[in-house]
Amino acid sequence: MRRYHALVVAGLVLAGGIEAGSVGTARSMGDLPPEAPPTAKPEAKPAEVKPRIIQQRASKATPEGRGDFQVYPDGKKLQIRYKGGPFGGVAKADLSPWRTYDYANKTPEPPVPEAVKMPADLKGDPAKGRKLFMDRERAPCTGCHLIPGEDVWPAGNIGPDLSTYGDLNRPESYTYEIIYDARKYFPDTAMPPWGTTGLFKPEEIVHLVAFLHSLKGPLSPEKDPNRNPNTRAKPVGFGDNLDPTNNPAVLLMDDAKDFWGKKGPKGKSCADCHTADPEKSMRGVAPKYPKYLAKYQRVMSIEDFLSRHAPETTGMEMLVESQENLNMSILLKYASNGLRVQVDTMSPEARAAYERGKAGFFKRVGQRNHACADCHTPDKGGGKFLGGRLLVIASEGSTKHFPTWRTNFGVVWDIRKRMQWCMDPLGMHMLPADAVEYAELELYLTAFDNGKPLSVPGIRH
Ligand code: HEC
Ligand code: HEC
Ligand code: HEC
């Protein structure tokens, strides 16, 4: 591990000894040097093709948290993601053509096509359309729309209930256009432009149209109120988040307390400079994060700060997304539990960062052309269901319980990992966990929690 870190600091990444790729300062995926034209012989088996590994920018996150790229000889880039939880190790698709949050990425939103015409020579098949509508690997359309059927689980309600769509007698050409790219009629829609971004092919959209026009009332009575997202019970709490028998993350603080007293290669421990009792000496620190730190010329969360401060003062690494960093962040925030969040958004640097974070929240990115706002504002998805997930409303506060125990994965996530996972429904490569873009988004989100008491570690399903 240590050798790996040293190489990262030196600006070099070695991937399993295959090949070294050079690493510059922050640069977008869009500005990477053009790849050589495809040279692979047609008979070459894919298993023999060894990718080069490149790092998207300088970072103090763990290798997994950095989101390095495997670059294949034909130019294809696949992002390396966390092995654990839902991330799946390596991304399935190369998402580099799509717009990202990277401040250096100037890719525009895909333009709304001038005219979309339903192909007249194709005949839609409602049964095929239903299968596509339900396909969990694709949209799924049921993530946002209810349709009839006991197998429809779990449906969401960000979009209108389409259970009797056929009765609306809309022209088929309109339905085709809406699915292809709804922005023509709803410029600010939360529905991805399925046709424009190539997520569904024209003939598939024709099947979807045939299916939707086949949906006619009257509906048979609902057997299970939970099937319908409009009558489904909303989840209630997760019990006492500070009770260690309920929230295993509470116990992780013991490791952080041990670390606190440990001397690093520089001969110092945290305790040497900050007294032996972190709960006392650090009380009042966490509610001010993320904050602008002049020394580093950027906004940082506690996690970001530790990744720089620990090696500078003790000589020990504390990479963002490492267990040491998560444990220490929990301890530092726990020390301020009950105190009210008070992040600065008024100093000129903080204000500018807040505004950039806010712009990011509303920026549409990725193959799905989604913005955070699509799922986390009340006029769109916030407070509604995306599939079985009740979406948080950002303006009600969504940060003061992070890092948070994830009951379904049995691990702790800090807010950056949560954001990185939100890149998945966006159809976007994740940025490194310590990216300044995420820090400024986090500042924007945390400002909504100002005045509310910290309660860390949280617990969520
Ligand atoms: C992220 C949520 C989301 C997903 C996923 C989604 N939609 Fe939508 N859809 C919406 C919203 C929201 C609207 C309403 C238009 C608006 O106000 O933006 C809508 C509208 C529609 C309409 C028009 C309804 C009407 O009454 O005019 C159709 C048809 C439709 N969607 C079909 C689909 C199909 C087919 C899929 C899957 C390929 C799909 N939707 C996936 C959010 C979504
Ligand atoms: C050599 C002394 C020294 C050591 C060792 C040290 N720190 Fe610090 N720490 C400081 C000083 C000085 C500051 C304030 C100035 C700064 O931000 O660099 C500080 C600031 C901090 C802050 C931010 C306080 C605020 O109000 O924003 C945190 C959190 C922190 N240290 C945690 C730690 C942890 C955790 C360790 C052990 C991994 C550690 N420190 C080790 C000297 C030290
Ligand atoms: C297509 C929908 C979608 C988009 C777009 C999306 N998220 Fe999420 N987000 C979710 C889901 C699902 C959850 C889990 C349910 C919940 O807590 O809201 C979630 C949870 C979160 C949470 C945790 C809330 C909590 O209380 O634990 C944060 C913070 C968050 N998202 C931030 C973002 C940010 C920032 C963006 C934009 C970069 C974003 N999300 C984009 C679907 C989305």
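Residues numbered from 1 in each chain as written. Chains lettered and ligands numbered in written order. Predicted model: local features only at pLDDT ≥ 70, side-chain atom pairs only at ≥ 80, totals over all residues.

(A) Here's a closer look at the overall build of the chain. Within the chain, the regular secondary structure consists of 14 helices and 12 strands. Each of the 461 residues in the chain was classed as buried or not, and the buried ones make up 41%. Within the chain, contacts between residues at least 6 apart in sequence are counted, and of these 66% link residues at least 24 apart. (Helix = DSSP H or I, 4+ residues; strand = E, 2+ residues; numbered from the N terminus. Buried ≥ 20, exposed ≤ 12 C-beta atoms within 10 Å, placed from the backbone. Contact = placed C-beta atoms within 7 Å.)

(B) Broad picture of the packing of helix H9 (residues 302-314) against helix H10 (residues 323-334). Axis separation between H9 and H10 bottoms out at 10 Å; the angle between their running directions is 120°. As far as their axial angle goes, H10 and H9 are oblique. Handedness of the crossing formed by H9 with H10: right-handed. Contact residues: H9 offers Ile302, Glu303, Leu306 and Ser307, while H10 offers Asn325, Met328, Ser329, Leu332 and Lys333. (Axes fitted to C-alpha atoms, helices over the stretch in contact; angles between N-to-C directions. Parallel < 35°, antiparallel > 145°, perpendicular 65-115°, else oblique. Left-handed = near helix turned anticlockwise from the far one by under 90°.)

(C) Representation of the nonpolar core within the structure. Ranked by size, the top nonpolar core spans 63 residues in total, and within it Ala256, Ile330, Leu331 and Leu443 carry the most contacts. The element best represented in this core is helix H14 (residues 436-447), accounting for eight residues. Mapped onto the domain boundaries, this core takes at least three residues apiece from domain 3 (248-334) and domain 4 (348-460). Isoleucine 330 has contacts with Ala249, Leu252, Met253, Ala256, Pro403, Val456 and Pro457, leaving out every residue within four places of it along the chain. Core analysis: the second largest hydrophobic core is formed by 30 residues, Leu146, Phe200, Ile205 and Cys372 among them. (Core = buried A, V, L, I, M, F, W, Y, C linked by C-beta atoms within 7 Å. Domains from an automatic or database assignment.)

(D) Here's a closer look at the confidence of the model for the chain. In the predicted model, the chain carries a mean pLDDT of 90, and the fraction of residues at 70 or more is 90%. Across residues 1-38 the pLDDT falls below 50, and counting only partners more than four positions away or on other chains, this stretch makes 51 contacts in the model. (pLDDT = per-residue confidence, 0-100.)

(E) Geometry of the site of ligand 2. The environment of ligand 2 is made up of 13 residues, and the closest members are Lys268, Cys270, Cys273, Ala310 and Thr313. Per element, the largest residue contribution to the shell around ligand 2 is five residues, and it comes from H9. (Near = placed C-beta within 6 Å.)

(F) How the structure looks around the environment of aspartate 161. With respect to the helices and strands, the residue aspartate 161 is situated in the loop between helix H3 (126-134) and helix H4 (172-180). Between the C-alpha atoms of aspartate 161 and asparagine 228, which are 67 residues apart in sequence, the distance is 9.3 Å. Once you skip the residues sitting within four places of it in the chain, aspartate 161 turns out to touch His145 and Leu146.

(G) The site of ligand 3, seen in detail. Residues in contact with ligand 3 amount to 19 residues; listed here are only the nearest, Cys372, Cys375, Val392, Cys422 and Pro425. Looking at the shell around ligand 3, the elements that each hand over two or more residues are helix H12 (372-376), helix H13 (415-426) and H14. The element best represented in the shell around ligand 3 is H13, accounting for six residues. Split into classes, the residues belonging to the shell around ligand 3 amount to 12 nonpolar, three polar and four charged. (Nonpolar A, V, L, I, M, F, W, Y, C, P; charged D, E, K, R; others polar.)

(H) Main features of unusual backbone geometry. Between tryptophan 153 and the following residue, proline 154, the backbone shows a cis peptide bond with an omega angle of -5°. Among the secondary structure elements, proline 154 is positioned in the loop between H3 and H4. In this model, valine 456 is joined to proline 457 through a cis peptide bond whose omega is -5°. Topologically, proline 457 is positioned in the loop between H14 and strand S12 (458-460). You will see that glutamine 297, though not glycine, has its phi angle at about 60°, which is positive. Mapping glutamine 297 onto the fold places it in the loop between strand S6 (291-293) and strand S7 (298-300).

(I) Summary view of the sheet that holds strand S5 (residues 77-79). The strand order across the open sheet built from three strands is S3-S4-S5, with neighbouring strands paired in antiparallel fashion. Looking at the sheet topology across the chains shown, the edges are occupied by strand S3 (52-54) and S5. For this sheet, the mean angle separating the axes of adjacent strands, direction not counted, is 30°. When strand S4 (residues 69-71) meets S5, the two strands line up antiparallel, connected through three bridges. When the bridges of S5 are listed, phenylalanine 69 appears paired with glutamine 79. (Pairing = 2+ DSSP bridges.)

(J) Inspection of helix H6 (residues 252-261) at higher detail. Looking only at H6, the buried set comprises Leu252, Met253, Ala256, Phe259 and Trp260. All buried residues of H6 lie within an arc of 110° about the axis, which places them on one face of the element. Opposite the packed face of H6, turned more than 90 degrees from it, sit the exposed residues Asp254, Asp258 and Gly261. Against helix H7 (270-274), helix H8 (278-281), H10 and strand S11 (411-413) lie the buried residues of H6. (Arc of directions from axis to C-beta.)

(K) Summary view of the packing of H6 against H10. As a packed pair, H6 and H10 sit with axes 8 Å apart at the nearest point and diverge in direction by 95°. Between H6 and H10, the interaxial angle falls into the category roughly perpendicular. Residues Leu252, Met253, Asp255, Ala256, Lys257 and Phe259 of H6 pack against Glu324, Asn327, Met328, Ile330, Leu331 and Tyr334 of H10. Class assignment of the residues belonging to the contact of H6 with H10 gives a composition of eight nonpolar, one polar and three charged.

(L) Looking closely at the environment of valine 250. You can see valine 250 is positioned in the loop between helix H5 (202-213) and H6. Accessibility expressed as a C-beta count within 10 Å gives 20 for valine 250, which makes it buried. Along the chain, valine 250 and tryptophan 405 lie 155 residues apart, while their C-alpha atoms are 9.1 Å from each other. In this view, valine 250 contacts Leu242, Pro244 and Pro457; residues no more than four positions away in its chain are not counted.

(M) Region of the structure containing the sheet that holds S12. Taking strand neighbours across the sheet as the criterion, the three strands line up as S11-S10-S12 in an open arrangement whose pairing is mixed. Two strands lie at the open edges of the sheet, namely S11 and S12, each paired on one side alone. Averaged over all adjacent pairs, the angle separating strand axes in this sheet is 35°, with direction ignored.

(N) Expanded view of H13. Compared with an ideal rise of 1.5 Å per residue, which puts 12 residues at 16 Å, H13 spans 17 Å between its outermost C-alpha atoms and is within 8% of the ideal. Taken together, the buried positions of H13 are occupied by Ile415, Arg416, Lys417, Met419, Gln420, Met423 and Leu426. Next to the buried residues of H13 lie H9, S11 and H14. In the stretch just after H13, glycine 427 is the one whose phi turns positive, near 75°. (Expected span 1.5 Å × (residues − 1).)

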